[in-house]
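Descriptive analysis of the structure
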Amino acid sequence: MRRAIGFGMGREIYPGFLKWQRISIFSRIDNPPFPSHTEREMISLQDQITDLGKRARVSARFLARAGTAAKNDALRAMAGELRANEEAILEANRADMEKAASDHLNSAVVDRLRLDPKRLRKMADEICNVAQLEDPVGKILTEWTRPNGLRISKVRVPIGVIGIIYESRPNVTSDAAVLCTKTGNATILRGGSESIHSNLAIASALRRGATAGGLPEDSIQLVPTTDREAVKHMAMMDKYIDLIIPRGGAALIEAVVQHARMPVIKHYHGVCIAYVDKDAGLDMAESIVLNAKTQRPGVCNAIETVLVHRDIAPQFFARTAPALFEKGVEIRGDAEVIRLVGDRVKPVKEADWTTEYLDLILAARVVDSFEDAVEHIETYGSHHSDCIVTENEKSAERFFAEVDSATVYWNASTRFTDGAEFGFGAEIGISTDKLHARGPMALEELTSYKYIIRGSGQIKE
C-alpha cells in the first residue's frame, strides 16, 4: 500500500471553500487531493485560483515585515522537512515516473522529472545555502540629501506575490518557494501534470517548514489541479499576482504571455551557439563543444549549433566530429561540413538553425569570417547563452560587444549559465528579457525598490 501524502499537517488545503474544505488531503498518491467533478462545478476554477491569490496577498504583507533571521529559520525548517519526508517524496515521484513511462514521455522530460535520494538531499542542502546568503531586502541602493533637507533613500523591497508556472522539474517547486521566501515574497506555484504527485509532496513539506519557522503557511501555495485553464486564470489575476515567471516550453510561455495582465519574465528558447574562431586552440575548442553539447543535452544552456571559421574547419572537424559521434551526437551540417566529415552528417535544414533540440543533435556550419558568425547568432540565436573559442583577445572583446545575449562566454562552456554556477544559490529561472532581469535570476531579481523620503516639515512652494 502506498503511503498517504498530505498537504499540511492535517489542515484542509484551502479552507476558504466550505465544499472544497471537506476533501481530505491525506489521499493516496494515485488519488490526488483534487475536488471531484461535482465539487468543481460548485466552485469554479477561477474562484479557486482567486482564493489562492487572496491568501497569498495576505501572506505577502506579513512576509514584507519578516526579518532576515525569521526567514532563515523558516528555510532551515523547510530543509529539515524535506529530509524528514524523503521516503514519501520519493514514493510520490515514483508515481510520476510510472505515469511518464506509460505516457512515453521523451528522455529529456524523464530526466528532469526523476528524483533520487542524492537529488533530494541536494535540494535540502541548497535551501540551507540560500539561508546563508545575504538578504537583499532592506539594502540601501543609494541615498542622498536634497538642498531643502529631504533625505532620499532607494531601498530594495519584495515584489509581493510571484506566480511560478513550470513543467517537469519538481526541484523547481523547492527552488522557487525558497528564493521567494528569502526575498519576502509569497508564491503561487503551478507545476506540470507530469510531476503533480512530486510537487504536492514537496510543497507539503515546505509549507510545514514555513509554519515551523513562524511564517504563514499560505506564503507557499501549490495549485492542486492539472487543469490547463489554471494557467490562464493565474495570468489574468493582476489584482493579486505582481509578477509571473513561466519555465517550460515555448507553448507554455506563449500561453502565459498571451493572457498575462502583469509583468512576465521569461525566455522562449535556449538556442545556444558556440563559435570556434580561426585563432582557437583545437584542444580547448573540442573540449568546450563536447561539454556544451553532451554533458547534459536536455537543458536550456546546452549548445544547439556550432559555427566554425573556414580557416580552422578542416582541423576542427577532423578531431571533433569523431568525438561527437562517439558520444552519440547526430550532426546536421551545411555542404562544407558534409564535404569535410562525410555522409554521416545529415544535411541541415533552415529550421534546424532555430530549433532547440534538447537532445544529442547538433547543427553545424562553416563561416567565412567573424562577422558571419555574429550575423548568424543575431539572426538565428535566442539571446540566451553564446560563446566564442579563441586565443585572440581582440576578437573576444568584439564578441562581447556585438553579441546581444543574456550571457556571453569566452573560452568557456555555456553550461555555466546557472544561478548556482554564478554563485547565486538556487535560481528562479533564466531571462532573455532586457528589463528588470536578464540571465540567471536569483535573489536580487526577485526584489524591486522603493524610495523612502525623510523630511522635517518641508512643503512644496
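This structure is a prediction, so every number in the text was calculated from the model and none was measured.

Turning our eyes to something else, we now look at the overall build of the protein. Of regular secondary structure, the protein possesses 16 helices and 16 strands. Here the C-alpha radius of gyration of the protein, 24 Å, is about what a compact globule of 461 residues would show, namely 23 Å. Here the C-alpha coordinates of the protein stretch approximately 75 × 70 × 35 Å along the principal axes. The burial tally for the protein puts 54% of its 461 residues in the buried class. Taking the intrachain contacts of the protein between residues at least 6 apart in sequence as the baseline, contacts between residues at least 24 apart amount to 72%. Carbon together with sulfur atoms contributes 49% to the accessible area of the protein, which is approximately 20,300 Å² in total. Averaged over its 59 positive side-chain charges, the protein has a centre that lies 7 Å from the centre of its 64 negative ones.

In this structure, Leu82, Ile164, Ile188 and Ile245 are the most contacted members of the largest nonpolar core, which totals 68 residues. For this core, the element with the highest residue contribution is helix α9 (residues 196–212), accounting for eight residues. Ignoring any residue separated from it by four or fewer positions in sequence, one finds Ile188 in contact with Leu52, Gly53, Ala56, Val161, Ile162, Gly163, Ile164, Gln221, Val223, Met234, Met237 and Ile241. If you look at the next biggest cluster of nonpolar residues, it comprises 30 residues, including Ala285, Ala292, Phe316 and Cys387.

Right, let's get into a nonpolar patch on the surface. Judged by side-chain polarity, Leu141, Trp144, Tyr449, Tyr451 and Ile453 come together as a nonpolar surface patch covering roughly 490 Å² of accessible area. Per-element accounting of the nonpolar patch gives the leading share, three residues, to strand β16 (residues 447–454). Relative to the assigned elements, Tyr451 resides in strand β16. Residue Tyr451 is classed as partly exposed on the basis of its relative accessible area, which comes to 43%.

Right, let's talk about the confidence of the model for the protein for a bit. Looking at the protein as a whole, the pLDDT averages 89, with 90% of positions reaching at least 70. Here residues 1–34 scores under 50 on pLDDT; set against residues more than four positions off or in separate chains, the count is 92 contacts.

The next point concerns unusual backbone geometry. One non-glycine residue, Asn411, lies in the positive phi region at around 55 degrees. Position of Asn411 among the secondary structure elements: in the loop between β13 (407–410) and β14 (429–431). Although it is not a glycine, His436 adopts a positive phi angle of roughly 70 degrees.

For strand β6 (residues 243–247), the tally of buried residues reaches five of five residues, placing the bulk of the element in the interior. Residues Leu243, Ile245 and Arg247 line one face of β6 and the alternating positions Ile244 and Pro246 line the opposite face, and both faces are buried. Here strand β3 (residues 161–166) runs beside β6; their pairing, made up of five bridges, is parallel. Across the sheet, the residue bridging to Ile165 is Pro246, located in β6.

Across a sheet, paired strands are connected by hydrogen bonds in the backbone, their directions being either parallel or antiparallel. Read across the open sheet, the seven strands follow the order β10-β9-β11-β8-β7-β12-β13; overall the sheet is parallel. A strand with exactly one partner marks an edge of an open sheet, and here the two such strands are β10 (346–347) and β13. Relative to β10, strand β9 (residues 330–333) is paired through two bridges, and the arrangement is parallel. Counted as the bridge partner of Arg332 is Lys346 from β10. Across the sheet, helix α13 (residues 313–326) lies against β7 (272–276), β8 (303–309), β9 and β11 (361–367), angled at about 155 degrees from β8, the strand it touches most. Helix α16 (residues 393–402) rests against β7, β12 (385–389) and β13 of the sheet, and its axis sits at about 175 degrees to β13.

What counts, and where the lines are drawn
Counting of residues starts from 1 at the beginning of each chain's written sequence and follows it residue by residue. Restriction of local features to residues with pLDDT of at least 70 applies here, the model being predicted, together with a cutoff of 80 or more for giving and counting side-chain atom pairs; totals for whole chains, interfaces and linings are based on all residues. Processing note: side-chain calculations cover all non-hydrogen atoms of the structure and skip hydrogens and water entirely. Helix and strand labels come from DSSP, where a helix needs a run of H or I of at least four residues and a strand needs a run of E of at least two; each type is numbered from the N terminus. Taken over C-alpha atoms, the radius of gyration is set against a globule rule of 2.2 Å times the number of residues to the power 0.38. Throughout this description, buried means an accessible area under 20% of the type-specific maximum (1.4 Å probe, protein chains only), exposed means over 50%, and partly exposed covers the range between. Two residues qualify as a contact provided that any one of their heavy atoms is within 4.5 Å of a heavy atom in the partner residue. The accessible surface values rely on the Shrake-Rupley method and a 1.4 Å probe; as for residues, cover is taken only from the protein chains in view. Counted as positive: Lys and Arg. Counted as negative: Asp and Glu, with His and the chain ends omitted from the count. A charge is said to be at NZ when it belongs to Lys, at CZ for Arg, at CG for Asp and at CD for Glu. Here, nonpolar core refers to any group of buried Ala, Val, Leu, Ile, Met, Phe, Trp, Tyr and Cys residues whose side-chain atoms link them within 4.5 Å. Patch rule: a residue counts if its relative accessible area is over 30% and it has no salt bridge; like charges are joined within 9 Å, and nonpolar side chains (Val, Leu, Ile, Met, Phe, Trp, Tyr) within 5 Å. Any carboxyl oxygen of Asp or Glu within 4 Å of a side-chain nitrogen of Lys or Arg constitutes a salt bridge here. In predicted models, pLDDT denotes the confidence assigned by the predictor to each residue on a 0 to 100 scale. A pair of strands counts as paired when DSSP detects no fewer than two bridges linking them. As a rule, the C-alpha atoms of each element are fitted with a line to give its axis, helices using only the stretch in contact, and angles between N-to-C directions run from 0 to 180 degrees.

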